[in-house]
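If you want the building blocks of each chain, they are given just below.
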Amino acid sequence: MESSIEEEVYSTELLERAEVVLETVAEMIYEEKKKQDIETPKTKAELVEEALNCPCISKMKEGSCGDAFISAYRCFLESETEPRGMDCMEKFQTMQDCMNSHPEEYNFEEVDPDAPPTDDPSQVPQPAHDHQHAQS
């Protein structure tokens with residue numbers, strides 16, 4: 001029973017961390033679009049595709065876990081549950097498992113789960129850059 005509680009706490013923490021990162025990315029996309037003065041109404045599918053094509057997440061889409069990231073991010077963007085993304089836990093877990101198994105590609109700084117969320121995009125953990133890969 002204690003293991004189940006620990007898994008639930010872990011899942012909640014995972015969802016909260018993913019939500020902070022994904023909401024920050026979504027806010028960055030919104031601000032970029034606002035700067036470009038694009039005010040034409042778009043369908044939800046168009047908005048999802050736009051978000052997935054944002055240069056701000058290009059590094060996350062590359063590498064061994066790109067497909068897992070895209071799947072989790074798409075699920076989050078399309079989610080209509082409360083809290084948002086709760087129906088994406090399996091995809092978030094798959095993405096995290098993949099990233100944990102490739103630390104050389106996805107070396108995120110340690111995130112303090114007790115720290116308040118930040119609106120500063122520079123504070124969002126970024127994947128490690130593979131300089132050798134970029135030169136080839």
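Here is a short report on the structure shown in this document. (Residues numbered from 1 in each chain as written. Predicted model: local features only at pLDDT ≥ 70, side-chain atom pairs only at ≥ 80, totals over all residues. Heavy atoms only, no water.)

### Comments concerning the overall build of the protein
On a plain count of helices and strands, the protein comes out with 6 helices and 0 strands. Ordering the α and β elements of the protein from the N terminus gives α-α-α-α-α-α. With 136 residues in all, the protein has 26% of them scored as buried. (Helix = DSSP H or I, 4+ residues; strand = E, 2+ residues; numbered from the N terminus. Buried < 20%, exposed > 50% of the residue type's maximum accessible area, 1.4 Å probe, protein only.)

### Considering the nonpolar core
In a soluble, globular protein the nonpolar side chains are often hidden away together inside. F69, Y73, F92, M95 and M99 are the most contacted members of the largest nonpolar core, which has 27 residues in total. Elements that contribute at least two residues to this core include exactly α1 (2-35), α2 (44-52), α4 (66-78) and α5 (89-100). At 7 residues, α4 tops the list of elements feeding residues into this core. For F92, the contacting residues outside a window of four places in its chain are L14, L15, A18, L22, A72, F76 and G85. (Core = buried A, V, L, I, M, F, W, Y, C linked by side-chain atoms within 4.5 Å. Contact = heavy atoms within 4.5 Å.)

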